[in-house]
Amino acid sequence: MLLVFLLLFAAACSADKEEGGTATDEGKTSDENVTKDEEASGKLVIYTGRDESVVEKVVGMFNEKYPDIQVENLTMGAQQILERVRGEKANPQADFWWGGTQSAMMVAADEDLLLPFKPSFDDAIAAEYKDPEGRWYGEMLLPEVIMINSDVLTPETGPQDWDDLLKPEWKDKIVIRGVLASGTMRTIYSSMIYRQGADTPEKGYEWLSKLDANTKDYAQDPTNLYLKLVRQEGTVSLWNLQDILLQSKLNNQPFDYIYPESGAPILVDAVGIVNNAKNEANAKLFYEFLFDPDVRAELAEELYQIPTRSDIAKEDMPDWYQDLDLKALDIDWAVMAEKEAEWMEHWDSNIKGKGK
């Protein structure tokens, strides 16, 4: 009888506990959810193509909220991340892929490298900026523009459009970030082929051959590219708008940009969770944090990011954004994702360094 009494008493206490609080998240109470976030710990391994200043800023903000999560970053180009995640598929070493072109993300999704996940902000991201199965989401928009050394050129005296880059006056004044390792450069070069006609890539190859003839050097990484421009080894390049503004405004580099008259490839810079990640829960926390409206507003103000979220009003954006006309080249990104590897392999084997 004593045993029966104790069992009945324990069951009653359990029922009282379950009735307390507001049920959320598959039976957890809201109090339990808060405790879970506050007590989040362990590791988070991020492969990123982001600029070092961006990584330092965002990870610092994340650790203010989650101080017990140890974040490890490995920085490389978007294409290098794809190749590394692909090579590690059987034993993933990364949890979160932060910064990849939609072409690279489409390929990764098709190869089952990314985890399907529907975050809380799903409705705020337009269909063209996310994977229909939730395997990647565009974090920000990156217009690809013409970059100039502002000690030598002005937005009025530099090349005004893509075809201007082929003119004789720019011969040996162009330096380019190494193409194959860079998601940004692969996007720009593939866009130049696409705009000549995706069905007839030979026209695009001819265009890139003429650009190669005017190119003085290919820099091995962004840091080397910036150094060559500062030294005036070249005065013109092709790069993404955000990094140009970051280097100019935050690092006092002599850089400015020209938005091409015919429009720019507007790259959707995306993120995703690596499939079978060892620290999946922490990757999801970082996902939600990265897209928080307050975080997006701060990153737009301080790091010149253009958010993909549709629920942030333009008037809430900083001054630099207000006059920006985001005229886009008309590009079928699915075709770009399908053809990019083939086009870039042809460029590397048959065009690079041969234009001279």
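How each quantity is defined
- Residues numbered from 1 in each chain as written.
- Predicted model: local features only at pLDDT ≥ 70, side-chain atom pairs only at ≥ 80, totals over all residues.
- Heavy atoms only, no water.
- Helix = DSSP H or I, 4+ residues; strand = E, 2+ residues; numbered from the N terminus.
- Buried < 20%, exposed > 50% of the residue type's maximum accessible area, 1.4 Å probe, protein only.
- Contact = heavy atoms within 4.5 Å.
- Axes fitted to C-alpha atoms, helices over the stretch in contact; angles between N-to-C directions.
- Parallel < 35°, antiparallel > 145°, perpendicular 65-115°, else oblique.
- Nonpolar A, V, L, I, M, F, W, Y, C, P; charged D, E, K, R; others polar.
- Core = buried A, V, L, I, M, F, W, Y, C linked by side-chain atoms within 4.5 Å.
- Salt bridge = Lys/Arg side-chain N within 4 Å of Asp/Glu carboxyl O.
- Pairing = 2+ DSSP bridges.
- Right-handed = clockwise from strand over helix to strand, strands pointing away.
- Patch = residues over 30% accessible without salt bridge, like charges linked within 9 Å, V, L, I, M, F, W, Y side chains within 5 Å.
- Areas by Shrake-Rupley, 256 points an atom, 1.4 Å probe, with all protein chains shown as cover.
- Lys, Arg positive; Asp, Glu negative; His and termini not counted.
- Charge placed at Lys NZ, Arg CZ, Asp CG, Glu CD.
- Phe/Tyr/Trp six-rings, centres within 6.5 Å; stacked < 30°, edge-to-face > 60°.
- Lys NZ or Arg CZ within 6 Å of the ring centre and 35° of its normal.
- Expected span 1.5 Å × (residues − 1).
- Arc of directions from axis to C-beta.
- pLDDT = per-residue confidence, 0-100.

Student: Looking at this structure, how should I read the overall build of the protein chain?
Tutor: Helix and strand counts for the protein chain stand at 13 helices and twelve strands. Expressed as a percentage of the 356 residues in the protein chain, the buried residues total 51%. Long-range contacts, defined as pairs at least 24 residues apart, comprise 76% of the intrachain contacts of the protein chain with a sequence gap of at least 6.

Student: Sorry if this is basic, but what is going on with the environment of valine 45 here?
Tutor: Tracing the backbone shows valine 45 in strand 3 (residues 42–48). In this structure the C-alpha to C-alpha distance between valine 45 and leucine 74, which are 29 residues apart in sequence, comes to 7.9 Å.

Student: Looking at this model, I keep getting lost on the packing of helix 6 (residues 183–197) against helix 13 (residues 333–350). Mind explaining?
Tutor: Each pair of packed helices can be described by the angle between their axes along with the distance between the axes. Taken N-terminus to C-terminus, the directions of helix 6 and helix 13 make an angle of 100°; their axes are 9 Å apart at the nearest point. By the criterion of interaxial angle, the relationship of helix 6 to helix 13 is roughly perpendicular. Contacts between helix 6 and helix 13 pair Arg186, Thr187, Tyr189, Ser190, Ser191, Ile193 and Tyr194 from the former with Trp333, Val335, Met336, Glu340, Ala341, Trp343, Met344 and Trp347 from the latter. Looking at side-chain class alone, the contact of helix 6 with helix 13 contains ten nonpolar, three polar and two charged residues.

Student: Which parts of the structure should I look at to understand the nonpolar core?
Tutor: Soluble, globular proteins show a tendency: their nonpolar side chains are buried together. With 105 residues, the main nonpolar core has Phe96, Trp98, Tyr189 and Leu238 as its most contacted residues. Ignoring sequence-local partners within four residues, the contact set of tyrosine 189 consists of Ile176, Val179, Leu208, Leu211, Tyr218, Leu238, Met344 and Trp347.

Student: I keep staring at helix 5 (residues 102–110) and nothing clicks. Help me out?
Tutor: In an α-helix there are 3.6 residues to a turn, and that puts residues three or four apart on one side. Within helix 5, the full set of buried residues consists of Gln102, Ser103, Ala104, Met105, Ala108 and Ala109. In the segment just after helix 5, aspartate 112 is the residue with positive phi, at about 65°.

Student: Quick question: what am I supposed to make of the pattern of salt bridges here?
Tutor: Pairing between side chains of opposite charge can happen when their charged atoms approach one another. For the coordinates displayed, the defined rule picks out 20 salt bridges. Here arginine 50 makes a salt bridge to aspartate 269, at a shortest N to O gap of 2.2 Å. Separated by 219 residues along the polypeptide, arginine 50 in the loop between strand 3 and helix 3 (52–65) and aspartate 269 in strand 11 (residues 266–273) bring together distant segments of the chain. Residue aspartate 269 is classed as buried on the basis of its relative accessible area, which comes to 7%. For arginine 309, the salt bridge goes to aspartate 311, with nearest N and O atoms at 2.8 Å. For arginine 309, a relative accessible area of 12% corresponds to the buried category. Residue class for aspartate 311 comes out partly exposed when judged on its relative accessible area of 45%.

Student: Would you take a moment to explain the pairing of strand 4 (residues 69–75) for this structure?
Tutor: Strand residues, when the strand is regular, have side chains that alternate between the two faces of the sheet. Pairing of strand 3 with strand 4 involves seven bridges; the strand directions are parallel. Each residue of the ladder has a partner; that of lysine 43, found in strand 4, is glutamine 70. Crossover handedness for the path strand 3 to helix 3 to strand 4: right-handed.

Student: I keep staring at a negative patch on the surface and nothing clicks. Help me out?
Tutor: There is a patch of like negative charges on the surface, built from Glu338, Glu342, Glu345 and Asp348. Tracing the sequence through the fold places glutamate 338 in helix 13. According to the relative accessible area criterion, glutamate 338 is exposed, its value standing at 59%.

Student: Quick question: what am I supposed to make of the packing of aromatic side chains here?
Tutor: Two descriptors summarise a pair of aromatic rings, namely the distance from one centre to the other and the angle between the planes of the rings. Scanning the entire structure with this criterion turns up 17 aromatic pairs. Look at phenylalanine 96 and tyrosine 287: their rings are 5.3 Å apart centre to centre, the planes differ by 85°, and that puts the pair in the edge-to-face class. One end of the pair, phenylalanine 96, is in strand 5 (residues 96–100); the other, tyrosine 287, is in helix 10 (residues 280–290), with 191 residues separating them in the sequence. The burial state of phenylalanine 96 is the same as that of tyrosine 287; both residues are buried. An aromatic cluster is present here, built from Phe62, Tyr66, Phe96, Trp98, Phe117, Phe121, Tyr137, Phe286, Tyr287, Phe289 and Phe291 joined pairwise through their rings. The residue whose ring lies beneath lysine 352 is tyrosine 218, and the NZ or CZ to ring-centre distance is 5.6 Å.

Student: How do you make sense of helix 3 when you look at a structure like this?
Tutor: With 14 residues, helix 3 extends 20 Å between its outermost C-alpha atoms, agreeing within 8% with the 20 Å of an ideal straight helix rising 1.5 Å per residue. The complete set of buried residues in helix 3 reads Val54, Val55, Val58, Val59, Met61 and Phe62. Looking straight down helix 3, one finds its buried side chains confined to an arc of 155°; they lie on one side. Helix 3 presents Glu52, Glu56 and Glu64 as exposed residues on the side facing more than 90 degrees away from its buried surface. Against the buried residues of helix 3 lie strand 3, strand 4, strand 5, helix 9 (241–250), helix 10 and helix 11 (293–303).

Student: I would appreciate a short explanation of the environment of asparagine 350 in the present structure.
Tutor: Within the secondary structure layout, asparagine 350 lies in helix 13. When its relative accessible area of 42% is taken as the criterion, asparagine 350 is described as partly exposed. Through-space distance from the C-alpha of asparagine 350 to that of serine 209 is 9.0 Å; in sequence the pair is 141 residues apart.

Student: What exactly am I supposed to notice about the confidence of the model for the protein chain here?
Tutor: If pLDDT is low for a region, its predicted coordinates should not be looked at in detail. Here the protein chain averages 89 in pLDDT, while 89% of its residues score no lower than 70. By mean pLDDT, strand 2 (residues 28–29) is the weakest element of the protein chain at 33, and strand 7 (residues 174–177) is the strongest at 98. The model gives residues 1–9 a pLDDT under 50, and that stretch makes zero contacts with residues more than four places away or in other chains. Confidence drops under a pLDDT of 50 for residues 11–35, and excluding neighbours within four residues, the segment shows twelve contacts in the predicted structure.

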